[in-house]
Amino acid sequence: MTRVRLSISIALFALFVSLASILPAAAPAQIYLPGAEPAIPPKDTTLTIRVSRLAPGVYAAKLSYVWTGWVELPDGILVIDSGMADSAGVALADTIRARSPNKPFKYLVLTHAHDDHILGAKPFLSAGATLVAHESLVHDIDSTLGIPGNPSKEIGIRDHKRFGTALRPVDVVWLGRRADSRGDLIVHLPKQKVLFAGDLVWNKSIPWLLDPDFDKLGWYASLDSLMSPRYAANVLVPGHGLIAKPGEGIRFTRNYIRDADDKATRLAGWGQTLAEPRRWGYLGPYEGMEFYQEVHFMNMKRLLAEAKGVKTKGRAKVRAMRQ
Ligand SMILES: [Zn+2]
């Protein structure tokens, strides 16, 4: 009898546990006094860092919306991009120290010069890391960071440079064309088969086509290069969006640029004016994706202008994105 009661209690408890896991948790409500609703919703300024271990000694870390990463070398850490602010750089440095302890920051590779990738650089540079960037961008990066140039602690990449060891080589490469910007570097680990693509690749996130040096054809050519066996990888870390197999992110980026440009070209042929891009610039399959509201319509306006033969200056600062 006792055993029967016990099994009934166990069954009831199990039912309770399974129900509890099915029922949704109460959502926290945001309540404002009547008439006090802010015209602009409050910004979420909490920095979240998500770390993925991709291979022994190789990590990717997403700082809110931007991907960074690091590789353990025998003599220190090679960091890839630094996030959007000093505070983000400090948090990333702490995250790296916690997972790869007792190693100095040896190199900081900045894949390009956009604010959301470089403004967290100072904590690494002041800890002694050597700055690595495309040779045409080193000076710009110094002036954006407000630091004096230091040639003994800077490496300008002309085409490529190999870091690391024979067991864990790390290739930092410029693919030879302007694309997302003037000097987009990739970081490829041929043995571990990991590719950090910087902003050459966006996956389920709307690419920024607004850099003054944006070059559509150069971007397609760079994506072709990334598909070649030379850069074979099992996993690709994009600048923004989702980590995936390389083909997925590369195809997404190419398809978005092509779809947006095809629409702009068609509209230019019909005499569409540049005013009110939110009325004519929608692109159904991409609606609701990260940065669709913030970036996509500016992209469309620029592509339409170019399709009409109007040269555009672009935007030197990535201000439209969340800070
Ligand atoms: Zn970016």
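Bear in mind that the values here come from a model prediction, so they are computed numbers and not experimental data.

Engineer: For the pairing of strand β7 (residues 154–157), give the residues involved together with the corresponding values.
Structural biologist: With 4 bridges joining them, strand β6 (residues 130–134) and β7 adopt parallel strand pairing. Within the sheet, the bridge partner assigned to Leu131 lies in β7 and is Glu154. For the crossover that starts at β6, traverses helix α5 (residues 138–145) and ends in the parallel β7, the hand is right-handed.

Engineer: Any chance you could break down the environment of Met300 for me, citing the residues and the numbers?
Structural biologist: With respect to the secondary-structure elements, Met300 resides in helix α9 (residues 292–307). Judged by the 24 C-beta atoms lying within 10 Å of it, Met300 falls in the buried class. Not counting residues up to four positions away in its chain, the partners in contact with Met300 are Ala260, Ala264, Pro277 and Gly281.

Engineer: Lay out helix α2 (residues 86–99) in plain terms, naming residues and giving numbers.
Structural biologist: An ideal rise of 1.5 Å per residue puts 20 Å on 14 residues; α2 measures up with 20 Å between its terminal C-alpha atoms. Within α2, the full set of buried residues consists of Ala88, Gly89, Leu92, Ala93 and Ile96. Looking straight down α2, one finds that the buried residues subtend no more than 135° of arc, so they occupy a single side. Of the residues in α2, the exposed ones pointing more than 90 degrees away from the buried face are Asp94 and Ala98. Looking at the buried residues of α2, the elements they touch are β1 (49–55), β2 (58–63), β3 (66–73), β4 (76–80) and α4 (122–126).

Engineer: With reference to specific residues and values, describe the packing of helix α6 (residues 216–226) against helix α7 (residues 246–269).
Structural biologist: To describe two helices that pack against each other, one gives the angle between their axes and the distance between the axes. Two elements in contact, α6 and α7, have axes whose closest approach is 10 Å; the angle formed by their N-to-C orientations is 160°. Classified by the angle between their axes, α6 and α7 sit roughly antiparallel to one another. Of the two possible hands of crossing, α6 and α7 adopt the one that is left-handed. Where α6 approaches α7, its residues Lys216, Trp219, Tyr220, Leu223 and Leu226 are matched on the opposing element by Pro246, Ile250, Thr253, Arg254, Ile257 and Asp261. Residues of the contact of α6 with α7, tallied by class, amount to 7 nonpolar, 1 polar and 3 charged.

About the criteria used
- Residues numbered from 1 in each chain as written.
- Predicted model: local features only at pLDDT ≥ 70, side-chain atom pairs only at ≥ 80, totals over all residues.
- Pairing = 2+ DSSP bridges.
- Helix = DSSP H or I, 4+ residues; strand = E, 2+ residues; numbered from the N terminus.
- Right-handed = clockwise from strand over helix to strand, strands pointing away.
- Buried ≥ 20, exposed ≤ 12 C-beta atoms within 10 Å, placed from the backbone.
- Contact = placed C-beta atoms within 7 Å.
- Expected span 1.5 Å × (residues − 1).
- Arc of directions from axis to C-beta.
- Axes fitted to C-alpha atoms, helices over the stretch in contact; angles between N-to-C directions.
- Parallel < 35°, antiparallel > 145°, perpendicular 65-115°, else oblique.
- Left-handed = near helix turned anticlockwise from the far one by under 90°.
- Nonpolar A, V, L, I, M, F, W, Y, C, P; charged D, E, K, R; others polar.

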